[in-house]
Amino acid sequence: VYYGALGLAASIFFSPDMGTALYWGSAYLSPLLVAWFVIERPEPLPILRTILRLNGAIIIMLMLAVLPEAYRFGFGRAARFEIYMMPFGLGEVRANGVGRYALIVLIIAGVSLVTSASKRRLLWLPFAVPALFILMQTQSRSALLGLAVVGMLFVMIRGIDLRFLVAGPVAAYAIWISGVTWRAKGALSSLVFLTGRDNTWKKGLERIGESPVFGWGFHADRLLINEEHMHNSYLHAGIQAGVIGALLFAAAVVILWAFVVKSGVLRRIRTAAAPDQALLMQSVLVLGFLSARSIFESTAAFYGVDLLLLVPAVAYIYQWVYDNPLPEP
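Small disclaimer: the values here were computed from a predicted structure and weren't measured.

**With respect to the overall build of the chain**
Alright, step 1. A tally of helices and strands in the chain yields 14 helices and two strands.
Alright, step 2. In terms of overall size, the chain behaves like a compact globule, its C-alpha atoms giving a radius of gyration of 20 Å where 329 residues would be expected to give roughly 20 Å.
Alright, step 3. Counting the 329 residues in the chain, one finds 50% classified as buried.
Alright, step 4. Partitioning the intrachain contacts of the chain with sequence separation of at least 6 by distance along the chain shows that 73% fall at a separation of at least 24.
Alright, step 5. Both charge centroids of the chain, one from 26 positive and one from 18 negative side chains, sit 10 Å from each other.

If you want it as structure tokens, here you go:
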């Protein structure tokens, strides 16, 4: 909120296009204000559960919307498809965005398969399989990195489980084939190639140097560096709200993870009652994925899908801990 407010002030005084900057700054603050409104209600947890479920349903529909396009591209081809067209004239989505949808669906399906004892949990398999297919096809390195991070968090939360003898090799195979064999063509140096991000980061740093204290307001990367996207949350925060804003943004991420560790959420998830167990695990895994994604994408530094996924997940984790405090020593 402090970062967003500072960026909004910079939008008024420093942006080359105040109207556009204020639009995106107001949009950025809107989900934060919604979350604030919800948690101030007498019983916020049921409302947050509904928001998380709606978010999940929307992401599943978005993934299914690009499935025909993914099927048309085919599977097992080394060529990477950058743009996926949505049906009904809904526009286009880049491969990294599609990979994000696929991994979120994998998280929802995987958690539901593990936490539910009902046979109906098997209905998630028809979603998990195309999600893995699309994730591999996009060759999105941020999504594949997220899959590795989510896998490690999943083991930390659930402990060693014989079912991981199946899930673990499948995840490793997906990362190896999609990331190393197809995307990098066997050369690890290609896997860490920044695809022009370093040039964009250099331009962004130059602009930050011109207004280091307050930045240039929201949407500054598109307005100042030839419509380019920063592809890094912390540099994105810097160009929009200066060094102070970037520090506030980074501090929020650090404090959040410190809260997760200190509150013992990772070890307490298994003892949480339904339906909180599944939603809490999903929220932590989404948080892990988006935190890793923030290095190569502008996760939560501007208004977009990542922000709309992150804010309710964070609110839910905080509220659950508040409603279920640790017992006194």
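**With respect to the packing of helix 9 (residues 197–210) against helix 11 (residues 233–262)**
Alright, step 1. Two elements in contact, helix 9 and helix 11, have axes separated by 9 Å at closest approach and are oriented at 30°. Comparing the axis directions of helix 9 and helix 11 gives the class roughly parallel. Handedness of the crossing formed by helix 9 with helix 11: left-handed. Where helix 9 approaches helix 11, its residues Trp201, Gly204, Leu205, Arg207 and Ile208 are matched on the opposing element by Leu235, Gly238 and Ile239.

**Things to note about helix 5 (residues 125–138)**
Alright, step 1. For helix 5, with 14 residues, the first-to-last C-alpha span of 20 Å sits near the 20 Å given by 1.5 Å per residue.
Alright, step 2. All buried positions along helix 5 are accounted for by Ala128, Pro130, Ala131, Phe133, Ile134, Leu135, Met136, Gln137 and Thr138.

**Topic: the packing of aromatic side chains**
Alright, step 1. Inspection of the entire model under this criterion finds ten aromatic pairs.
Alright, step 2. Where tyrosine 23 meets tryptophan 24, the ring centres are 5.1 Å apart and the plane angle is 85°; that geometry is what we call edge-to-face.
Alright, step 3. We classify tryptophan 24 as partly exposed; its relative accessible area is 27%.

**A word on empty space enclosed by the protein**
Alright, step 1. Scanning the model with the defined rule gives two cavities of 30 Å³ or more in all.
Alright, step 2. Its volume calculated, the largest cavity comes out at about 140 Å³.
Alright, step 3. In this structure, the largest cavity is lined by 13 residues; those nearest its centre are Leu52, Asn55, Gln282, Val286 and Leu309.
Alright, step 4. Split by residue class, the lining of the largest cavity holds nine nonpolar, four polar and no charged.

**Let's talk about unusual backbone geometry**
Alright, step 1. For the bond running from alanine 274 to proline 275, omega is 0°, close enough to zero to count as cis.
Alright, step 2. On the secondary structure map, proline 275 appears in the loop between helix 12 (265–268) and helix 13 (276–293).
Alright, step 3. The backbone of histidine 231 shows a phi angle near 55°, a positive value even though the residue is not glycine.
Alright, step 4. With respect to the element layout, histidine 231 can be found in the loop between helix 10 (220–224) and helix 11.

Calculation notes
Residues numbered from 1 in each chain as written. Predicted model: local features only at pLDDT ≥ 70, side-chain atom pairs only at ≥ 80, totals over all residues. Heavy atoms only, no water. Helix = DSSP H or I, 4+ residues; strand = E, 2+ residues; numbered from the N terminus. Rg over C-alpha atoms; globule rule 2.2 N^0.38 Å. Buried < 20%, exposed > 50% of the residue type's maximum accessible area, 1.4 Å probe, protein only. Contact = heavy atoms within 4.5 Å. Lys, Arg positive; Asp, Glu negative; His and termini not counted. Charge placed at Lys NZ, Arg CZ, Asp CG, Glu CD. Axes fitted to C-alpha atoms, helices over the stretch in contact; angles between N-to-C directions. Parallel < 35°, antiparallel > 145°, perpendicular 65-115°, else oblique. Left-handed = near helix turned anticlockwise from the far one by under 90°. Expected span 1.5 Å × (residues − 1). Phe/Tyr/Trp six-rings, centres within 6.5 Å; stacked < 30°, edge-to-face > 60°. 1 Å grid on protein atoms, 1.4 Å probe; cavity = no way out; pocket = protein on both sides within 12 Å on 5 of 7 lines; lining within 4 Å. Points joined across faces, edges and corners; volume = space filled by probe spheres on them. Nonpolar A, V, L, I, M, F, W, Y, C, P; charged D, E, K, R; others polar.

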